[in-house]
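Notes for the structure review
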Amino acid sequence: MQTDPKTFISDFITSLTADLVNTDEDPATIIDRYHTPDIVQIADGHRMDRDKLIAHTRPIRKNRPEGRMEVHDAVMDRDRLAARYTLHVRQRGKDLAMDVYFFGRFAPDGRMREAHLLTRALPA
């Protein structure tokens, strides 16, 4: 991938969220656009495969969060990307913020193949 790692991860998360929140497109189609079929994502110890990621889209669509992402650090080595960022979210009239530590692998076409995330809630 030729893109700056900070821009890549920001664009990836922002586009995925926008497609989920702002369209009525089939969630499976959206997940498949951004993830390989064998995706494994482990967030705070919870393992999600493709089917669980699709199921995870329901509350996102229901709550229609607004947010922004602030990438502090990101490095990429071939197909691997490590990043530290803060998500600022407004959902149901509440402001939420969380630090995210992301370690992932991506396919040559830019789809996520594997991700490990650790999160920490921050005072809003």
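As a reminder, the structure under discussion sits directly above these lines.
The numbering scheme is per chain: residues are counted from 1 as the chain's sequence reads. The predicted origin of the model limits local features to residues at a pLDDT of at least 70 and limits the giving and counting of side-chain atom pairs to 80 or more, whereas totals for whole chains, interfaces and linings rest on all residues. The basis for every side-chain value is the complete set of non-hydrogen atoms in the structure, without hydrogens or water.

1. Here's the deal with the overall build of the protein
Rules: By the criteria applied, helices consist of DSSP H or I runs no shorter than four residues and strands consist of E runs no shorter than two, each listed in order from the N terminus. Exposure categories follow from relative accessible area, calculated using a 1.4 Å probe and restricted to protein chains: below 20% of the type maximum is buried, above 50% is exposed, and the middle band is partly exposed. We treat Lys and Arg as the positive residues and Asp and Glu as the negative residues; His and chain ends play no part in the count. Taken as the charge location is NZ of Lys, CZ of Arg, CG of Asp or CD of Glu.
Along the protein, the regular secondary structure elements total three helices and six strands. The helix and strand sequence of the protein, counted from the amino end, reads α-α-β-β-α-β-β-β-β. Principal-axis analysis of the C-alpha atoms places the extent of the protein at approximately 40 × 30 × 25 Å. Looking at the protein as a whole, 35% of its 124 residues qualify as buried. Looking at charge distribution, the protein has the averaged site of its 20 positive side-chain charges lying 4 Å from that of its 20 negative ones.

2. Description of the packing of aromatic side chains
Test applied: Two aromatic rings, drawn from Phe, Tyr or Trp (for Trp, its six-membered ring), form a pair once their centres lie within 6.5 Å of each other, and the interplanar angle then sorts them: stacked below 30 degrees, edge-to-face above 60, tilted otherwise.
Across all of its chains, the model carries five aromatic pairs by this definition. Here Phe12 and Phe106 contribute two aromatic rings whose centre-to-centre distance is 5.5 Å and whose plane-to-plane angle is 80°, an arrangement assigned as edge-to-face. Taken together, the residues span a long stretch of sequence, with Phe12 in helix α1 (residues 5–22) and Phe106 in strand β5 (residues 94–106) at a distance of 94 residues. Its relative accessible area of 6% is what places Phe12 among the buried residues. One aromatic cluster is present, formed by Phe8, Phe12, Tyr34, Phe102 and Phe106 through successive ring pairs.

3. Section: the packing of α1 against helix α2 (residues 27–34)
Convention followed: What counts as an axis is a line fitted to C-alpha atoms, over the stretch in contact for a helix, and the angles between N-to-C directions run from 0 to 180 degrees. Any angle between 65 and 115 degrees counts as roughly perpendicular, while under 35 counts as roughly parallel, over 145 as roughly antiparallel, and the rest as oblique. Two residues form a contact once any of their heavy atoms are found within 4.5 Å. In the scheme used here, Gly and all other residues not listed as nonpolar or charged are polar, with Ala, Val, Leu, Ile, Met, Phe, Trp, Tyr, Cys and Pro taken as nonpolar and Asp, Glu, Lys and Arg as charged.
Contact geometry of α1 with α2 gives a least axis separation of 10 Å together with a crossing angle of 170°. With respect to each other, α1 and α2 are oriented roughly antiparallel. Only Ile30, Arg33 and Tyr34 of α2 make contact with α1, whose side of the interface consists of Phe12, Ser15, Leu16, Asp19 and Leu20. Tallied by class, the residues present in the contact of α1 with α2 amount to five nonpolar, one polar and two charged.

4. Some thoughts on α2
Where we set the bar: Directions drawn from the helix axis to the C-beta atoms are what define this arc.
Among all positions in α2, only Pro27, Ala28, Ile30, Ile31 and Tyr34 are buried. Buried positions in α2, seen along its axis, are confined to an arc of 160° and lie on one side of it. The elements touched by buried residues of α2 are α1, β1 (35–43), α3 (50–63) and β6 (112–122).

5. Quick notes on the side chain of Thr86
Our working definition: Any pair of N or O atoms that falls within 3.5 Å is considered a polar contact. Within protein, one atom must be able to donate a hydrogen and the other to accept it, and sequence-neighbouring residues count only if both atoms are side-chain atoms.
Examined against the element boundaries, Thr86 turns out to sit in strand β4 (residues 80–91). A polar contact is formed between the side chain of Thr86 and the side chain of His72, at a distance of 2.7 Å. Only 2.8 Å separates the side chain of Thr86 from the side chain of Asp99, close enough to count as a polar contact. Other than its neighbours up to four places away in sequence, Thr86 contacts Arg68, Met69, Glu70, His72, Met98, Asp99 and Leu122.

6. What about unusual backbone geometry?
Despite not being glycine, Asp44 has its phi angle at roughly 50°, a positive value. Here Asp44 is to be found in the loop between β1 and β2 (46–48). Even without being a glycine, Arg92 presents a positive backbone phi close to 55°. Tracing the chain through its elements places Arg92 in the loop between β4 and β5.

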